[in-house]
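Chain and residue survey
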Amino acid sequence: MLGILRQKVGGATGLSSQGLGNHMLRLRPVTSALRNYSSATKEMTVRDALNSALDEEMAADPNVFVMGEEVGEYQGAYKITKGLLDKYGPERVVDTPITEAGFAGIGVGAAYHGLRPVIEFMTFNFSMQAIDHIINSAAKSNYMSAGKINVPIVFRGPNGPAAGVGAQHSQCYGGWYGSVPGLKVLVPYSSEDARGLLKSAIRDPDPVVFLENELLYGESFPVSAEVLDSSFCLPIGKAKIEREGKDVTITAFSKMVGYALKAAEILEKEGINAEVINLRSIRPLDRATINASVRKTNRLVTVEEGFPQHGIGAEICASVVEDSFGYLDAPVERIAGADVPTPYAANLERMAFPQIEDIVRAAKRVCYRSAPISATAS
Amino acid sequence: MGLARAIQPLPLPPLADSRPKPTATASSLFLGSTRTLRPSNTFARTHTRTRSISSAQRRSAVAANVSDVKLKPATNLLLTKEEALEVYEDMILGRVFEDMCAQMYYRGKMFGFVHLYNGQEAVSSGFIKLLKKEDSVVSTYRDHVHALSKGVPARAVMSELFGKTTGCCRGQGGSMHMFSSEYNVLGGFAFIGEGIPVATGAAFTSKYKREVLKEADCDHVTLAFFGDGTANNGQFFECLNMAALWKLPIIFVVENNLWAIGMSHLRATSDPEIWKKGPAFGMPGVHVDGMDVLKVREVAQEAIGRARRGEGPTLVECETYRFRGHSLADPDELRDPGDEKARYAARDPITQFKKHLIESKLANEAELKAIEKKIEEVVEEAVEFADASPAPSRSQLLENVFADPRGFGIGPDGRYRCEDPKFTEGTAQV
Ligand SMILES: Cc1ncc(C[n+]2csc(CCOP(=O)(O)OP(=O)(O)O)c2C)c(N)n1
Ligand SMILES: [Mg+2]
């Protein structure tokens with residue numbers, strides 16, 4: 001009997017050699033809208049974009065080091081630091097014990113003294129055990145020391161809902177960190193974003209929270225020669241208009257940019273010309289770009305995966321109400337994750353987060369192409 | 001003393017001798033993977049050097065370090081036949097269930113991170129089978145088997161993993177979050193270390209009930225299970241302190257499987273002998289061979305007895321090994337398959353216990369076969385049950401967020417808004 005059991009083990013183990021790579025394939029999200037672009041430009045995955053940005057910044061500045069769980073010998077839980085240990089050695093690619101509060105604080109202390117730590121959280125969920133240092137030590141030191149001690153640190157890792165991992169491992173921290181004075185919060189979507197923003201974050205003199213998305217790591221995006229240049233940086237606090245349009249503005253960040261672009265394609269077929277803004281930075285928030293777009297389209301849909309209350313959408317609505325109230329032709333639609341901890345069951349999980357159809361419907365509603373908001377508003 | 005180098009002052013009386021003798025190499029090493037550690041970087045190199053004290057030196061260090069809190073020698077170390085078969089059945093259940101999980105995961109029936117327990121069964125069965133229903137167990141993301149040992153029916157765990165309403169958490173928790181108020185499984189904590197204070201709080205409650213609420217017969221104990229990697233997290237130390245300070249009825253059970261994902265225990269900790277942290281905080285610390293269910297049970301019996309009698313907490317380090325990758329998504333490339341994996345595979349806790357049962361004539365082949373057959377059927381039935389069970393209805397999305405949900409997700413008619421079929425049309429904000 002145990003023989004049989006062992007055979008089963010053997011069978012399953014054989015399968016398990018699929019490993020992390022395939023696991024991620026299984027989790028592959030909807031493909032990027034940018035896929036359709038010309039194949040003349042080079043393609044690069046978000047994973048390679050992050051990896052190359054780290055590599056180049058480490059090569060350029062010996063003060064830059066990477067610290068976190070499994071960043072070295074394991075090559076990163078999601079392989080973002082792949083190859084860096086071999087290249088830069090264990091003094092600059094530091095595997096830590098599982099002690100987020102400890103190594104986040106160590107990072108801040110090191111940054112006080114002029115080093116430029118890149119602290120990896122295996123996922124941003126675990127940053128909750130380090131949040132004291134992110135907020136109290138990193139974000140407030142420059143202020144408390146009257147500008148005498150700045151903290152050039154990057155906290156990075158995958159953020160946002162993942163697939164099938166339940167309540168504790170699946171949530172967006174954009175709203176959490178986006179509300180803290182002293183932090184800069186970046187939210188890359190494409191490979192261009194990932195490279196340009198990470199390089200800027202590492203060179204920045206202030207603490208940057210850098211929210212990646214696990215489900216985008218394996219996505220490929222076209223990258224130009226300029227993006228591939230080692231001097232390429234993107235400005236912090238500047239949004240990108242991913243798609244120009246005149247009928248409705250859709251704001252999104254991270255994985256939701258891809259969803260918004262897909263929704264825009266569908267809307268296009270129905271005669272609605274949507275403008276999609278990739279926020280890139282949620283703190284500082286590019287109010288100018290958002291408001292200019294809303295003044296043009298007169299309609300706004302905000303999209304995020306985080307919890308609705310006190311979220312990014314709420315902040316964007318406030319900025320539009322403050323700056324462009326008179327330009328709005330319809331109530332703003334705010335699409336967010338459901339106000340519940342992330343459920344495990346696949347069908348509930350799908351319901352808990354925005355889907356492309358949700359964006360399409362909301363955009364149509366603000367354009368008065370369908371019945372106004374249903375029971376939700378009652 | 002062989003592998004159960006129980007380090008507390010107390011010499012544990014020898015168990016039945018008929019069990020397989022540990023190999024010489026295994027018995028002289030504290031950690032099986034010591035020799036395979038590759039000093040591939042400067043940090044590791046320094047650590048290796050400080051660690052390369054001889055085992056004799058190490059033993060004397062141990063003798064100098066033990067606390068003066070002693071575990072009382074257990075009275076009866078022998079298992080009755082019924083107990084032996086119960087433990088065997090539980091270990092088989094753990095193994096067969098987890099193998100089935102792997103199959104179901106690859107068939108897409110369960111998803112996300114699934115962490116299996118294969119190889120560590122002696123710890124769960126050795127400890128939990130000694131508990132009463134009122135006693136509590138707090139686990140991690142590697143929690144299926146702790147829940148099973150505590151009595152949660154296999155079908156309820158399997159169904160949870162399938163994300164179905166008949167699961168022990170109605171499909172809302174998933175693999176890493178097993179809860180059962182009925183069987184006092186208090187979670188399923190997926191973050192490193194966070195289960196430890198919660199377990200300590202459960203132990204605090206027992207003491208509070210006895211001393212403040214005058215429930216004189218409240219002698220419930222709590223077991224906190226967690227890994228070697230977790231023993232480097234601050235919450236562990238904070239709770240060792242409070243548990244000893246307040247003499248709480250808790251046992252900290254470290255399942256030292258030598259690895260935290262791809263991080264070798266020896267690269268992650270300044271002193272790999274975790275049990276030593278017990279005496280440092282004024283409680284007994286014990287190191288036991290976690291591949292030997294009898295030794296685990298012997299230590300567990302003493303520690304649980306101590307807690308029940310109000311004599312305070314114990315730290316038990318069980319040296320064990322996981323036979324699979326960290327999770328079903330882990331390529332598991334860093335652990336040495338030739339030496340380390342093979343050596344531990346040769347000490348499979350189930351095979352060892354089976355051999356002992358037969359050699360000591362506690363059970364015969366036919367009886368054990370019957371148990372194995374029964375468990376296969378239990379697990380098959382669990383899969384059929386889970387597969388046939390309904391997925392949660394959409395109205396479940398908003399339920400259970402609060403004990404008192406007024407003001408959240410409830411419409412003016414007093415009903416959950418999600419009962420309206422159109423409630424997510426256009427926005428997931430509900
Ligand atoms: C706070 C936190 N940081 C990181 C992780 C990711 N993580 C999950 S399991 C694990 C390793 C744990 O190893 P160990 O405590 O030895 O338990 P084992 O998995 O070996 O049973 C890590 C780092 C986590 N779950 N929580
Ligand atoms: Mg471990």
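Sequence order as written defines the numbering, with residues in each chain counted from 1. Chain letters start at A and ligand numbers start at 1, both assigned in the order the entries are written. A pLDDT threshold of at least 70 governs which residues receive local features in this predicted model, and a stricter bar of 80 or more applies before side-chain atom pairs are shown or counted, although totals over entire chains, interfaces and linings include all residues. To obtain the side-chain values, all non-hydrogen atoms of the structure were included, while hydrogens and water were left out.

Under an unreviewed UniProt entry, the name given to chain B is Pyruvate dehydrogenase E1 component subunit alpha, and the source organism is Deinandra increscens subsp. villosa. UniProt positions are given in the numbering used here, feature names are shortened, and annotations may be inferred rather than shown by experiment. Quoted verbatim from the Subunit (unreviewed entry) field of UniProt, the annotation for chain B is "Tetramer of 2 alpha and 2 beta subunits." Regarding chain B, the relevant UniProt record gives this comment under Catalytic activity (unreviewed entry): "N(6)-[(R)-lipoyl]-L-lysyl-[protein] + pyruvate + H(+) = N(6)-[(R)-S(8)-acetyldihydrolipoyl]-L-lysyl-[protein] + CO2".

By the naming in an unreviewed UniProt entry, chain A is Pyruvate dehydrogenase E1 component subunit beta, taken from Deinandra increscens subsp. villosa. Quoted verbatim from the Catalytic activity (unreviewed entry) heading of the UniProt record, the comment on chain A is "N(6)-[(R)-lipoyl]-L-lysyl-[protein] + pyruvate + H(+) = N(6)-[(R)-S(8)-acetyldihydrolipoyl]-L-lysyl-[protein] + CO2". Recorded under Subcellular location (unreviewed entry), the UniProt text for chain A is reproduced unchanged: "Mitochondrion matrix".

The subject of this paragraph is the overall build of chain B. Secondary structure elements are defined from DSSP: runs of H or I of at least 4 residues count as helices, runs of E of at least 2 residues count as strands, and each element is numbered from the N terminus. Looking only at helices and strands, chain B has 15 helices and eight strands in total. Here the term buried applies to any residue with accessible area under 20% of the maximum for its type, exposed to any over 50%, and partly exposed to those in between, with areas from a 1.4 Å probe on protein chains only. Relative to its full complement of 430 residues, chain B shows a buried share of 60%. Restricting the contact set of chain B to residue pairs at least 6 apart, pairs at least 24 apart contribute 76%. Within the structure as shown, chain B displays about 16200 Å² of accessible surface, and the carbon and sulfur contribution to it stands at 56%. Contacts: residue pairs with any heavy atoms within 4.5 Å of one another. For accessible areas, the Shrake-Rupley method is used with a probe of radius 1.4 Å. Any residue's cover is judged against the shown protein chains and nothing else.

A word on empty space enclosed by the protein. Think of a ball as big as a water molecule: rolled over the atoms, this probe shows where empty space is left. Think of a 1 Å grid over the protein atoms and nothing else: a 1.4 Å probe that fits but is trapped marks a cavity, an open set flanked by protein within 12 Å on at least five of seven lines marks a pocket, and residues with an atom within 4 Å of a point count as lining. Grid points are joined across faces, edges and corners, and a volume is the space filled by probe spheres set on the points. What the rule picks out here adds up to ten cavities of 30 Å³ or more. For the largest cavity, the calculated volume is near 650 Å³. Lining the largest cavity are 43 residues, with Met122(A), His115(B), Tyr141(B), Ile261(B) and His326(B) positioned closest to its centre. Breaking the lining of the largest cavity down by element, the ones donating at least two residues are strand S3 (222-227) and strand S5 (259-260) of chain B.

Bringing the UniProt feature "domain: Dehydrogenase E1 component" (unreviewed entry) in chain B into the picture now. UniProt marks residues 91-392 of chain B with the feature "domain: Dehydrogenase E1 component" (unreviewed entry), using the numbering shown here. In residues 91-392 of chain B, helix accounts for 45% and strand for 12%; the two terminal C-alpha atoms are 31 Å from one another.

As a further point, take the UniProt feature "domain: Transketolase-like pyrimidine-binding" (unreviewed entry) in chain A. The positions UniProt marks with the feature "domain: Transketolase-like pyrimidine-binding" (unreviewed entry) are residues 44-219 of chain A. For residues 44-219 of chain A, the helix share is 36%, the strand share is 16%, and the end-to-end C-alpha distance is 8 Å.

Residue and element names in this part refer to chain B. Coordination partners: N, O, S within 2.8 Å of the metal, 3.2 Å for Na, K and Ca; water not considered, so apparent gaps in a site are possible. For the magnesium ion (ligand 2), every protein donor is listed as Asp228 (OD), Asn257 (OD1) and Trp259 (O), and the spread of their distances is 2.0 to 2.1 Å. Donor residues for the magnesium ion (ligand 2), ordered by position in the chain, follow D-x28-N-x1-W. Its relative accessible area of 9% is what places tryptophan 259 among the buried residues.

Per the UniProt record, "coiled-coil region" (unreviewed entry) is annotated on residues 361-388 of chain B. In this annotation, residues 361-388 of chain B is assigned 86% helix and 0% strand; the end-to-end C-alpha distance for the span is 42 Å.

Another point: the domain arrangement of chain A. A common way to report how large an interface is uses the accessible area buried once the components associate. All names here are of chain A. Taken domain by domain, chain A consists of domain 1 (2-228) and domain 2 (240-366). With 35 residues of domain 1 at the interface, the matching set in domain 2 holds 27 residues. Both sides together, the interface formed by domain 1 and domain 2 hides about 2500 Å², and carbon and sulfur atoms give 58% of it. Whenever two N or O atoms come within 3.5 Å, that pair is a polar contact, provided that in protein one can donate a hydrogen and the other can accept it, and provided that, for residues adjacent in sequence, both atoms are side-chain atoms. Taken together, the links from domain 1 to domain 2 amount to twelve residue pairs in polar contact (both at pLDDT 80 or more). Among the secondary structure elements, those contributing two or more residues to the side of domain 1 that touches domain 2 are helix H8 (174-178), strand S6 (184-186) and helix H9 (191-203). Ranked by residues supplied to the side of domain 1 that touches domain 2, first place goes to H8 with four residues. Per the annotation, domain bounds derive from an automatic or database assignment of domains. By convention, the term buried area covers the 1.4 Å-probe accessible surface removed from two parts as they join, with the contributions of both added.

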